[in-house]
Amino acid sequence: MHPVKSIIARKQAYMAKNFSKTKHGRRLSKLKDKHKGQKCFIIGNGPSLTVADLEVLQKNSIPTFGVNRIFNIFSQTDWRPTYYICEDILILKGIEEQINAMHNTEKFIPINLHWYEGVSIEDANYFYMDYNTIDKEHFNLSLDVPNKVRCRGTVTTSCIQLAIHMGFTEIYLIGVDNNYSKMVDQYGNVIEDKSVKDYFVDNYDDDIKEQVVHNLSATNKAFFNAAQLCNKMKTFKIYNATRGGKLEFFERVDFDTLFK
């Protein structure tokens, strides 16, 4: 390895093990309990998501987490997410401009993608994405966001970890249909159902859709673990406000009754 590259690699390895001590980790530490006792909505990009629901959240000044290519709905509404997260390099490559254009949204991006893939987002909150550590005590999720966020194969659980860190006590999911036209089952088989609509717009991911196959088994395990952590800690609650869909690990609530 080239000497300069070796120095950079050693520095990155040290930062990964001591991320809370870096400027990025200290910035994440300042977000601890920022929203203590409040409610938030994590917005999935499933076909059940509606503009009307987003505008209800905006009208009621509810903090929201948007993910991935949520900007594809911006032309239909004045709503914008309070926080934005993307952790998949396939999705991130080529959309940096759209992410940077979210001027009033606080963004979260894995430092790993900045280091190894050259992803650069203006004024991003960089967090260390841990792909390897097993944490049985917390069901393989992280309660130490300034040091790491556990990667579980779905950005929704990363949002949940950040929401817990920020002190939200009521965490609602909406648009998380948990159902795709092309998925890998628990046995590793690829299952296709072309009658299923994946996202809230048809052309959501035309450039990468052939490369992305959703591992439903891994995703379901992550959601199950999030529900376990919720039941264990009892300091926050996760609700599913999605209209329909196949996510059944959290208590369902009727979105239309929440703001009456």
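This is a predicted model, so every value here is computed, not measured.

The subject of this paragraph is the overall build of the protein chain. Secondary structure summary: the protein chain contains eight helices and 13 strands in total. Its C-alpha atoms give the protein chain a radius of gyration of 18 Å, within 12% of the compact-globule value 18 Å for 260 residues. Along the first, second and third principal axes, the C-alpha set of the protein chain runs to 60 × 40 × 40 Å. A total of 260 residues make up the protein chain; the buried ones form 52% of that total. Put simply, the protein chain shows about 13000 Å² of open surface, and 49% of that area lies on carbon and sulfur atoms. Where the 34 positive side-chain charges of the protein chain centre and where its 31 negative ones centre are 8 Å apart.

Further remarks concern the sheet that holds strand 1 (residues 39-43). With parallel pairing, eight strands are arranged side by side in an open sheet as 5-4-3-2-1-8-12-13. Only two strands of the sheet have a single neighbouring strand rather than two, namely strand 5 (125-127) and strand 13 (251-252). Strand direction decides the pairing type here: strand 2 (residues 64-67) and strand 3 (residues 83-85), joined by three bridges, are parallel. Counterpart to Gly66 in the pairing with strand 3 is Tyr84.

Glancing now at the pairing of strand 8 (residues 170-174). The buried fraction of strand 8 amounts to four of the five residues, a majority that puts the element mostly inside the structure. Judged from the five bridges that link them, strand 1 and strand 8 form a sheet pairing that is parallel. Bridge assignment links Ile43 to a residue of strand 8, and that residue is Ile174. Bridging between strand 8 and strand 12 (residues 237-240) involves four bridges; their strand directions are parallel. By the bridge assignment, Glu170 is partnered in strand 12 with Lys237.

So, how was this worked out
Residues numbered from 1 in each chain as written. Predicted model: local features only at pLDDT ≥ 70, side-chain atom pairs only at ≥ 80, totals over all residues. Heavy atoms only, no water. Helix = DSSP H or I, 4+ residues; strand = E, 2+ residues; numbered from the N terminus. Rg over C-alpha atoms; globule rule 2.2 N^0.38 Å. Buried < 20%, exposed > 50% of the residue type's maximum accessible area, 1.4 Å probe, protein only. Areas by Shrake-Rupley, 256 points an atom, 1.4 Å probe, with all protein chains shown as cover. Lys, Arg positive; Asp, Glu negative; His and termini not counted. Charge placed at Lys NZ, Arg CZ, Asp CG, Glu CD. Pairing = 2+ DSSP bridges.

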